[in-house]
Amino acid sequence: MNFTSPRRRFASAAVAGIALTGLLSACGGSGSGDDAAAKSGPVTLPFWGWANGQEAVVKAFNASHKDVQLKYTKVTDQLTMQKQLTNAVKAGNAPCLVQNTAEYVTSWVSQGALADITQYVEGEQDKFNTGSWASAQVQGKMYGVPTSSAPQFTIYRTDIFEKYGLKPPATWDDFIAAGKELKKHGIKITNYAGEDPSTLEVLAMQAGAHWYAIDGDAWKVNFQDEGTLKAAKVIQEIIDNDLNAKLSFADYAAVQRSYDTGATATRQISTWQMAGMVQNFTKSFGDWALAPWPTYKGEAPKTPAGTNLTGSVTLVTEQCENQEQAAQAALWMSTNQDAVKTMASPETGNGVMPALKDSESYVGESISQKLLGKNYEPAQKIVTDSLGTVTTDWTFGPNWTAMFTELQAGWAKVVNKEQKVTDLLAHMQEWTVKDLKSRGISVKG
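Residues numbered from 1 in each chain as written. Predicted model: local features only at pLDDT ≥ 70, side-chain atom pairs only at ≥ 80, totals over all residues. Heavy atoms only, no water.

(A) Broad picture of the packing of helix 13 (residues 323-335) against helix 14 (residues 337-344). In the contact formed by helix 13 and helix 14, the axes pass within 5 Å of each other and the chain directions differ by 65 degrees. Contacts from Trp332, Met333, Ser334 and Thr335 of helix 13 reach helix 14 at Gln337, Ala339 and Val340. Looking at the contact of helix 13 with helix 14, its residues break down into 4 nonpolar, 3 polar and no charged. (Axes fitted to C-alpha atoms, helices over the stretch in contact; angles between N-to-C directions. Helix = DSSP H or I, 4+ residues; strand = E, 2+ residues; numbered from the N terminus. Contact = heavy atoms within 4.5 Å. Nonpolar A, V, L, I, M, F, W, Y, C, P; charged D, E, K, R; others polar.)

This is the structure in structure tokens:
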């Protein structure tokens, strides 16, 4: 996807004193499976994930643990994960451990699918950075262990920008101006995949939008606030001027080829997406450099918390019979030095920045010297600086999964110029309020 998920943070201060009733659907729980202690042999924990490097981490875990073993199943991607997990929960055979991203945590808690593992992990909080730790929380309770943070930045083709006398865009106005110049030469400045509305989400997040918020004992929904409309204006201008490619990530090779051949000149991404570039490029190694995420004119640097893999968490399901062992396994995968290094590298893993408090020390390992060439050293400062400007006040609503699916359908029409961004936002406002009410969740909007 174009954009990524990093240090997600629920509005925990506002939510802490609010009961689940009315805000989230009622959810029960059977507790951890203490009966497992009486069983002979090692405990086996099914673990579903999709990230490169996880199989190696699981192998290392199993080699170092006699009493607990992980059984890994690789899922295609995060959207497939939501569908498969839904089916598994309904069938009563959900895996113990699930890789997921922070935007889905509230939704799964509202469905009663996740286990409260606070008692097993709360003593480890000091090992993690604040934003990442909050990403696995709902109302002060932990439902998983964070695995990654989200530095966000622009990566761009230095050879193309130099050829046409362009500087890396400092603002979104600069970005649009550069896009118009590149268009004259048959080059797109960015790619908007029709199935990926995270573009709208992250630009709104950066602009200070709040699609969901807690208002007293209800959820407040606002897809038409000032920040969201500011984001909509930027996106609409890019689409109206045909500055974007429209390549679907269903054809991943074509997307990567577009960047590698110079048909598309920039991406706003996080470290993990560089892994796909390294693994698929053949022509442009050394031609890429990093620059800060573009700002809105007149505003201080601020990067969105991102979406997708970064901001990832390892969740423990309510149906797991061995929740304590699952929680400890999740902690090991997020804190073991070798495991963290495996996942941080774009060669052996996904180039994800750890969720650890000292994540800055992994910057050099999480970006590719092969991809960046002479720009590798200055790129490390760009990544480190971005960690200090990440949005921390974005809240995910209890119907995020359903909302995002509806947003996807409308986004495809926006990319194909069948409707305006503002039309989509008006629809999402009405649809989201109606959907929450249909679930018996208290809502204003």
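(B) Representation of the pattern of salt bridges. Under the definition given, this model contains 10 salt bridges. Among the ionic pairs, Lys180 bridges to Glu237, the shortest N-O distance being 3.6 Å. You can see Lys180 sitting in helix 8 (residues 172-183) and its partner Glu237 sitting in helix 10 (residues 226-240), a full 57 residues away along the chain. The exposure class assigned to Lys180 is partly exposed, which follows from its relative accessible area of 36%. We classify Glu237 as partly exposed; its relative accessible area is 26%. Among the ionic pairs, Asp242 bridges to Lys417, the shortest N-O distance being 2.7 Å. In this pair, Asp242 is assigned in the loop between helix 10 and strand 12 (244-245) and Lys417 in the loop between helix 18 (400-415) and helix 19 (421-438), connecting sequence segments 175 residues apart. (Salt bridge = Lys/Arg side-chain N within 4 Å of Asp/Glu carboxyl O. Buried < 20%, exposed > 50% of the residue type's maximum accessible area, 1.4 Å probe, protein only.)

(C) Broad picture of the pairing of strand 3 (residues 97-101). Of all 5 residues in strand 3, 5 are buried, a share of seventy percent or more. Going residue by residue along strand 3, you find Leu97, Gln99 and Thr101 tucked away on one face and Val98 and Asn100 tucked away on the opposite face as well. Across 5 bridges, strand 3 lies against strand 15 (residues 312-316) in antiparallel orientation. By the bridge assignment, Gln99 is partnered in strand 15 with Thr314. (Pairing = 2+ DSSP bridges.)

(D) Quick look at unusual backbone geometry. Here the phi dihedral of Asp242 falls at roughly 55 degrees; this positive angle occurs in a residue that is not glycine. Judged by its relative accessible area of 33%, Asp242 is partly exposed. Here the phi dihedral of Lys417 falls at roughly 60 degrees; this positive angle occurs in a residue that is not glycine.

(E) Up close: the sheet that holds strand 2 (residues 68-74). Overall, mixed pairing links the 5 strands, which are arranged 2-1-3-15-6 in an open sheet. The sheet is open, and its two borders are formed by strand 2 and strand 6 (144-146), each paired with just one other strand. Sheet twist, expressed as the mean angle between neighbouring strand axes with direction ignored, is 25 degrees. Sheet topology note: the strand 6/strand 15 ladder contains 3 bridges and is antiparallel. Each residue of the ladder has a partner; that of Pro146, found in strand 15, is Val313.

(F) Local environment of the sheet that holds strand 11 (residues 218-221). With respect to topology, 3 strands assemble into an open sheet ordered 10-11-17, the strand pairing being mixed. Of all the strands in the sheet, the pair left with one neighbour each is strand 10 (212-215) and strand 17 (443-444). Judged from the 2 bridges that link them, strand 11 and strand 17 form a sheet pairing that is parallel. Pairing of Trp219 across the sheet is with Val443, part of strand 17. Helix 19 rests against strand 10, strand 11 and strand 17 of the sheet, and its axis sits at about 165 degrees to strand 11.

(G) Just the nonpolar core, in detail. Membership of the largest hydrophobic core comes to 110 residues, with the highest contact counts inside it found for Leu45, Leu97 and Trp211. With sequence-adjacent residues up to four places away left out, Trp211 is seen in contact with Leu200, Glu201, Ala204, Lys220, Val221, Asn222, Phe223, Thr228, Trp394, Trp400, Met403 and Leu407. Among the nonpolar cores identified, the runner-up in size contains 23 residues, and Val255, Ile269, Met353 and Val383 belong to it. (Core = buried A, V, L, I, M, F, W, Y, C linked by side-chain atoms within 4.5 Å.)

(H) Representation of the confidence of the model for the protein. Mean pLDDT over the protein: 87, with 88% of residues reaching 70 or higher. Considering only residues more than four positions removed or in separate chains, one finds that residues 1-21, a stretch of pLDDT under 50, has 107 contacts. Ignoring residues within four places in sequence, the model shows residues 25-38, a span with pLDDT below 50, making 25 contacts including any to other chains. (pLDDT = per-residue confidence, 0-100.)

(I) The arrangement of the side chain of Asp225 in detail. Secondary-structure assignment places Asp225 in the loop between strand 11 and helix 10. Residues within four places of Asp225 in sequence aside, it is in contact with Ala209 and His210.

(J) Structural detail: the packing of helix 9 (residues 198-206) against helix 10. Where helix 9 meets helix 10, the closest approach of the two axes is 8 Å, and the angle between their N-to-C directions is 130 degrees. Taken together, the axes of helix 9 and helix 10 lie oblique to each other. In the packing of helix 9 onto helix 10, the handedness of the crossing is right-handed. Taking contact as the criterion, the partners of Thr199, Leu200, Leu203 and Ala204 in helix 9 are, on helix 10, Gly227, Thr228, Ala231, Val234 and Ile235. Considered class by class, the residues forming the contact of helix 9 with helix 10 number 6 nonpolar, 3 polar and no charged. (Parallel < 35°, antiparallel > 145°, perpendicular 65-115°, else oblique. Left-handed = near helix turned anticlockwise from the far one by under 90°.)

(K) Fine view of helix 19. Look at helix 19: 25 Å from first C-alpha to last across 18 residues, which is about the 26 Å you get at 1.5 Å a residue. Those residues of helix 19 not exposed but buried are Val421, Leu424, Leu425, Met428, Gln429, Thr432, Val433, Asp435 and Leu436. Buried residues along helix 19 cover an arc of 165 degrees about the axis, so they all sit on one side. Turned more than 90 degrees away from the buried face of helix 19, the exposed residues are Glu430, Lys434, Lys437 and Ser438. Close packing links the buried residues of helix 19 with helix 9, strand 10, strand 11, helix 10, helix 18 and strand 17. Following helix 19 by one or two positions, Gly440 has its phi on the positive side, about 75 degrees. (Expected span 1.5 Å × (residues − 1). Arc of directions from axis to C-beta.)

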